[in-house]
Amino acid sequence: QVQLVESGGGSVQAGGSLRLSCAASGSALRINAIGWYRQAPGKQRELVASISNEGTTHYADSMKGRVTISRDNAKNTVYLQMNSLKPEDTAVYYCNADWKFYSDPTPWTSWGLGTQVTVSS
């Protein structure tokens, strides 16, 4: 299966920037897409951005224009560059992968443990 490890979270003042990383590992499988989600206290988990294996990106309205998702296939790592951060961006940010084994068409999804992002005013 796919293991996902997030890093790069932390505390920053409003207007600041952070770059999150999601390192994926696994064998005999294909990752079709990786997405970044976030969950603030008392709120549902929501999509921030996603990127397909072909590089097609999608951004949710909540952070559109302030985030950029990219991937380094050689390193099996996806990045989320976040700029102009606001206090309402405070949340745990999770990495998610949609994948399948080469030998089986069944789709699977995996989550990382998350990384905390705190934005102070």
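Residues numbered from 1 in each chain as written. Predicted model: local features only at pLDDT ≥ 70, side-chain atom pairs only at ≥ 80, totals over all residues. Heavy atoms only, no water.

Colleague: When you look at the overall build of the chain in this model, what are you seeing that I'm missing?
Modeller: Across its full length, the chain holds zero helices and eleven strands. Beginning at the N terminus, the succession of helices and strands in the chain can be written as β-β-β-β-β-β-β-β-β-β-β. What you see for the chain is a C-alpha radius of gyration of 14 Å, in line with the 14 Å of a compact globule of 121 residues. For the chain, buried positions account for 40% of its 121 residues. The contacts in the chain between residues at least 6 apart in sequence include a share of 54% that link residues at least 24 apart. (Helix = DSSP H or I, 4+ residues; strand = E, 2+ residues; numbered from the N terminus. Rg over C-alpha atoms; globule rule 2.2 N^0.38 Å. Buried < 20%, exposed > 50% of the residue type's maximum accessible area, 1.4 Å probe, protein only. Contact = heavy atoms within 4.5 Å.)

Colleague: It is not clear to me how the nonpolar core should be interpreted in this structure. Could you clarify?
Modeller: Nonpolar side chains in soluble globular proteins tend to be buried together. The biggest cluster of nonpolar side chains holds 30 residues, and the ones touching the most others in it are Trp36, Leu80, Met82 and Tyr93. Setting aside chain neighbours within four positions, we find Tyr93 in contact with Glu6, Leu20, Trp36, Tyr37, Arg38, Val48, Met63, Leu80, Met82, Gly114, Thr115 and Val117. (Core = buried A, V, L, I, M, F, W, Y, C linked by side-chain atoms within 4.5 Å.)

Colleague: So what exactly am I meant to see when it comes to the sheet that holds strand β7 (residues 67–72) here?
Modeller: Sheet strands associate in pairs through backbone hydrogen bonding, adopting either a parallel or an antiparallel arrangement. Reading across the sheet, the four strands line up as β1-β3-β8-β7 and stay open at both edges, with antiparallel pairing between neighbours. Only two strands of the sheet have a single partner each, and these edge strands are β1 (3–7) and β7. Averaged over neighbouring strand pairs, the angle between their axes works out to 15 degrees when direction is ignored. Looking at chain direction, β1 and strand β3 (residues 18–25) are connected through five bridges and run antiparallel. Bridge pairing in β3 places Leu4 opposite Ala24. (Pairing = 2+ DSSP bridges. Axes fitted to C-alpha atoms, helices over the stretch in contact; angles between N-to-C directions.)

Colleague: Quick question: what am I supposed to make of the pattern of salt bridges here?
Modeller: Pairing between side chains of opposite charge can happen when their charged atoms approach one another. Following the criterion strictly, the structure yields five salt bridges and no others. With a shortest N-O distance of 2.7 Å, Glu46 and Arg38 are connected by a salt bridge. Taking the shortest distance from any N to any O, the salt bridge between Arg38 and Asp89 comes out at 2.9 Å. A residue pair is termed long-range when its members are at least 10 positions apart, and Arg38 in strand β4 (residues 29–39) and Asp89 in the loop between β8 (77–82) and β9 (91–101) qualify at 51 residues. Just as Arg38 is buried, Asp89 falls in that class too. Because the salt bridges share partners, they merge into one network encompassing Arg38, Glu46, Arg66 and Asp89. (Salt bridge = Lys/Arg side-chain N within 4 Å of Asp/Glu carboxyl O.)

Colleague: It is not clear to me how unusual backbone geometry should be interpreted in this structure. Could you clarify?
Modeller: Backbone phi values are negative for most residues with the exception of glycine, while trans is the configuration of most peptide bonds. Unlike most non-glycine residues, Asn76 shows phi in positive territory, near 50 degrees. Within the fold, Asn76 resides in the loop between β7 and β8. Owing to a relative accessible area of 45%, Asn76 belongs among the partly exposed residues under this scheme.

Colleague: Quick question: what am I supposed to make of the environment of Asp61 here?
Modeller: Looking at the secondary structure, you find Asp61 in the loop between β6 (57–59) and β7. The class of Asp61 is exposed, set by a relative accessible area of 65%. Here the alpha-carbon distance between Asp61 and Val48, two residues 13 residues apart in the chain, equals 8.1 Å. A polar contact of 3.4 Å, which involves the side chain of Asp61, links it to the side chain of Lys64. (Polar contact = N/O pair within 3.5 Å; in protein donor to acceptor, adjacent residues only side chain to side chain.)

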